[in-house]
Amino acid sequence: MMNTVPPRRPRRLRTQSMLTDRYQLAGQLDMVFNGGRRRDIYTSAGYDKQISYEQYLLRYLRQDVARRIVNVVADDSWRLPPDLLDGLDSDTAQEDTEFTAAWARLATNQTTDAATRRGLLHYLHRLDKVAGIGHYAVLYLGLQDGKQPSVPAETVAGPEALLFASVFDEASAQVVTYDTDQQSARYGQPLLYRLVDRTAAGTQTTFEAHWTRCIHVADNVLTSDLTGSPRLEAVWNRLIDLDKVAAANGEAGYRLMMPGYVFSTKDGYELGNDSAEHT
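Computed from a predicted structure; not experimentally measured.

Peer 1: Could you clarify how one ought to interpret the packing of helix α3 (residues 53-62) against helix α4 (residues 64-77) in this entry?
Peer 2: Geometrically, a packed helix pair is captured by the angle between its two axes and the distance between the axes. Taken N-terminus to C-terminus, the directions of α3 and α4 make an angle of 105 degrees; their axes are 5 Å apart at the nearest point. With respect to α4, the axis of α3 lies roughly perpendicular. Contacts from Arg-59, Tyr-60, Leu-61 and Arg-62 of α3 reach α4 at Asp-64, Ala-66, Arg-67, Val-70 and Asn-71.

Peer 1: Honestly, the environment of Lys-147 in this entry has me stumped. Any pointers?
Peer 2: Summarising the element assignment, Lys-147 is placed in the loop between β5 (137-143) and β6 (162-169). Discounting chain neighbours no more than four positions away, the residues touching Lys-147 are Glu-154 and Arg-213.

Peer 1: Would you take a moment to explain the sheet that holds β6 for this structure?
Peer 2: By definition, the strands of a sheet pair up through backbone hydrogen bonds, in either a parallel or an antiparallel sense. Ordered in space as β6-β5-β10, the 3 strands form an open sheet in which the pairing is antiparallel. Bordering the open sheet on either side are β6 and β10 (214-217), each of which pairs with just one other strand. Within the sheet, the average angular offset between the axes of one strand and its neighbour, ignoring direction, is 15 degrees. As judged from the 7 bridges shared by β5 and β6, these two strands associate in the antiparallel manner. Within the sheet, the bridge partner assigned to Leu-139 lies in β6 and is Val-167. Each of β5, β6 and β10 touches helix α6 (residues 120-133); the most contacted strand, β5, lies at about 155 degrees to it.

Basis of the calculations
Counting from 1, residues in each chain are numbered in the order their sequence is written. For a predicted model such as this one, the threshold for reporting local features is a pLDDT of at least 70, and the threshold for listing and counting side-chain atom pairs is 80 or more; totals across whole chains, interfaces and linings nevertheless cover every residue. Side-chain descriptors were evaluated using all non-hydrogen atoms of the structure, hydrogens and water having been removed beforehand. Note on method: axes are straight lines fitted to C-alpha atoms, helices fitted across the in-contact stretch only, with angles between N-to-C directions ranging 0 to 180 degrees. Working definition: helices are DSSP H or I runs of at least four residues, strands are E runs of at least two. Numbering for both runs from the N terminus. Angles are sorted into four bins: roughly parallel if under 35 degrees, roughly antiparallel if over 145, roughly perpendicular if 65 to 115, and oblique for all others. Here a residue-residue contact requires only that any non-hydrogen atoms of the pair lie within 4.5 Å. Strands are labelled as partners when DSSP assigns at least two bridges between them.

Take a look at the structure:
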């Protein structure tokens, strides 16, 4: 007798629809029952029902507590450089090999004839922060392989082939195409990104980059490997409450310290006869 195996159900690609589902779910969290009546707590308290990436970024830039919440994870993780051993067995792995020496040149400052560049660890630290502000972040590797960014990267000679690294937030790194082949090990993963490089002068350059030249990082992931939960999402309402209390204390102190004016006359002073005409 032949056993039949039911066909595998295709796994749905996790894209921006996940964020849409989360926004719809957030609209239900603010409703509670009070004496048989539904009360909109979020509207009463002034809480946001849907939070955009721009809101996360602005609060990170303007509120000290929000910045600390995002930075503390990255600062603690990258406070010390990771130790790298060369070998599959930890008992026989070695510290001083050609591979570990190449990593050290790549991870720390790289000195060239023109200038001293920051090492890769510096950009990984920044990547951790940016990924914590939004749902994901992308690190683009500028490789010296003679190819366009939109084509797959080829094997390079060594650490010196990494010309530069750039950190892109989710607003500047859009996934253009995904791998839809269910027989592929990268099924559901990005194949091509559209990156927007902005300069301090306000100009921007848009280009497409192959996934082999990018490192995609998402923190606090649940059902998707591509999009995570921003570090400020769970404490968003408390951050708004903190602004309320701080603003109320400042306004109350300002009003209490406003000078008062008192008008009085000297002892024995009497108004002249002309004043009676104006009363």
